[in-house]
Amino acid sequence: MSGSRDVTALLMEWNRGNREALNELLPQVYAELHRMARRHFQMERIDHTLQPTALVHEVYLRLVDQRQCSWESRAEFFGVASQVMRRVLVDHARRHEAAKRGAGVRPVSLDEVDVPAAGGVMPILALDEALDRLALMDAEMAKIVELRAFSGVTIEEIAHVLTVSPSTVKRSWRLAKAWLYRELASGVASER
């Protein structure tokens with residue numbers, strides 16, 4: 001895909017310190033970042049005070065501010081962008097919860113992730129904590145969840161980024177979904 005090559009080449013130029021490459025890169029990745037933000041917001045409450053465009057701008061500011069980045073591919077860039085989006089949303093949720101002094105739980109639909117929870121809804125903070133626990137157990141599996149569920153990166157792109165076979169990615173994706181289901185279901189049960 002020529003668009004991917006162009007993005008990858010611009011990322012490499014940016015890595016080498018070429019700020020003009022960043023100016024060329026942003027128009028090419030903006031639409032995809034906005035799509036990712038909308039995907040993240042599908043799991044957020046309807047009356048969320050942060051909007052997808054604001055999330056994209058916050059991610060942009062955080063990514064541009066990184067001094068030691070070494071993007072090797074389009075998939076890796078979007079994976080990191082997805083992680084940053086998750087961090088922004090989690091930070092926002094924590095501030096929101098602190099403002100309410102713990103009242104109310106922010107529901108997150110996990111239909112998009114294919115990890116069913118009780119009632120199909122899960123607090124974003126619980127999902128974040130579960131992903132952090134998964135990362136401690138198996139960092140590669142957590143990376144696959146980030147890339148697949150939140151970035152929409154293909155199995156083949158993930159395999160390339162992680163230098164494993166697509167069948168390994170598929171197997172890890174299935175295991176990760178099962179693990180998350182168990183973790184989130186037990187968390188929901190213990191909250192009742």
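Look up a bit, the structure's there.
Residues numbered from 1 in each chain as written. Predicted model: local features only at pLDDT ≥ 70, side-chain atom pairs only at ≥ 80, totals over all residues. Heavy atoms only, no water.

Attention shifts here to the overall build of the protein chain. A count of helical and extended segments in the protein chain gives 8 helices and 2 strands. Traced from its N-terminal end to its C-terminal end, the protein chain shows the element sequence α-α-α-α-β-β-α-α-α-α. When burial is assessed residue by residue, the protein chain has 47% of its 192 residues classed as buried. Within the protein chain, contacts between residues separated by at least 24 positions form 63% of all contacts whose residues are at least 6 apart in sequence. Of the roughly 10,100 Å² of accessible surface on the protein chain, a fraction of 53% belongs to carbon and sulfur atoms. (Helix = DSSP H or I, 4+ residues; strand = E, 2+ residues; numbered from the N terminus. Buried < 20%, exposed > 50% of the residue type's maximum accessible area, 1.4 Å probe, protein only. Contact = heavy atoms within 4.5 Å. Areas by Shrake-Rupley, 256 points an atom, 1.4 Å probe, with all protein chains shown as cover.)

So, about the nonpolar core. Core analysis: the biggest nonpolar cluster contains 30 residues, and Trp14, Leu25, Leu33, Leu55, Leu63 and Phe77 have the highest contact counts within it. Secondary-structure elements contributing two or more residues to this core are α1 (2-15), α2 (19-41), α3 (52-64) and α4 (74-99). Tallying contributions element by element places α4 first for this core, with 10 residues. Look past the residues within four positions of Trp14 in its chain and what remains in contact with it is Arg19, Ala21, Leu22, Leu25, Leu63, Val64, Trp71 and Phe77. Counting residues in hydrophobic clusters, the runner-up holds 24 residues, among them Ile144, Leu147, Val153 and Ala176. (Core = buried A, V, L, I, M, F, W, Y, C linked by side-chain atoms within 4.5 Å.)

This part is about the packing of helix α5 (residues 124-137) against helix α6 (residues 139-150). α6 packs onto α5 with a crossing angle of 140° between their chain directions and a minimal axis gap of 5 Å. One way to sum up the angle between α5 and α6 is to call them oblique. Counted together, Leu127, Leu131, Leu134, Ala135 and Met137 of α5 and Ala139, Met141, Ala142, Val145, Glu146 and Phe150 of α6 form the full contact between these two elements. Looking at the contact of α5 with α6, its residues break down into 10 nonpolar, no polar and 1 charged. (Axes fitted to C-alpha atoms, helices over the stretch in contact; angles between N-to-C directions. Parallel < 35°, antiparallel > 145°, perpendicular 65-115°, else oblique. Nonpolar A, V, L, I, M, F, W, Y, C, P; charged D, E, K, R; others polar.)

Here Ala93 shows up in helix α4. Given a relative accessible area of 1%, Ala93 falls into the buried group.

Looking now at unusual backbone geometry. Unusually for a residue other than glycine, Thr163 sits at a positive phi of about 50°. Within the secondary structure layout, Thr163 lies in the loop between α7 (155-162) and α8 (166-191).

Time to look at α3. With 13 residues, α3 should reach 18 Å at 1.5 Å per residue; the first-to-last C-alpha distance of 18 Å fits that figure. Within α3, the full set of buried residues consists of Pro52, Leu55, Val56, Val59, Leu63 and Val64. Angular distribution of buried residues about the axis of α3 spans 160°; they occupy a single face of the element. (Expected span 1.5 Å × (residues − 1). Arc of directions from axis to C-beta.)

A few words now on the pattern of salt bridges. What the rule picks out here adds up to 11 salt bridges. Notably, a salt bridge pairs Glu58 with Arg62, separated by 2.9 Å at the nearest N-O pair. Linking Glu58 with Arg62, this pair stays in helix α3, spanning 4 residues, or about one helical turn. For Glu58, a relative accessible area of 29% gives the class partly exposed. A salt bridge links Arg86 to Asp132, with the nearest nitrogen and oxygen atoms 3.1 Å apart. (Salt bridge = Lys/Arg side-chain N within 4 Å of Asp/Glu carboxyl O.)

This part takes up α6. The periodicity of an α-helix, 3.6 residues per turn, causes residues three or four places apart in sequence to face the same way. A rise of 1.5 Å per residue sets the reference length of α6, with its 12 residues, at 16 Å; its end C-alpha atoms lie 16 Å apart and thus fit the reference within 8%. Of all 12 residues in α6, 9 are buried; the element is thus mostly enclosed. Those residues of α6 that fall on the buried side of the exposure criterion are Met141, Ala142, Lys143, Ile144, Val145, Glu146, Leu147, Ala149 and Phe150. N-cap assignment for α6: the residue whose side-chain oxygen lies 3.2 Å from the backbone N of Glu140 is Asp138. Once α6 ends, the next one or two residues include Gly152, with phi positive near 75°. (Polar contact = N/O pair within 3.5 Å; in protein donor to acceptor, adjacent residues only side chain to side chain.)

Our focus in this paragraph is the environment of Arg174. Its place among the elements puts Arg174 in helix α8. For Arg174, a relative accessible area of 52% translates into the label exposed. Taking the C-alpha atoms as reference points, Arg174 and Met141, separated by 33 residues in sequence, lie 9.7 Å from one another.

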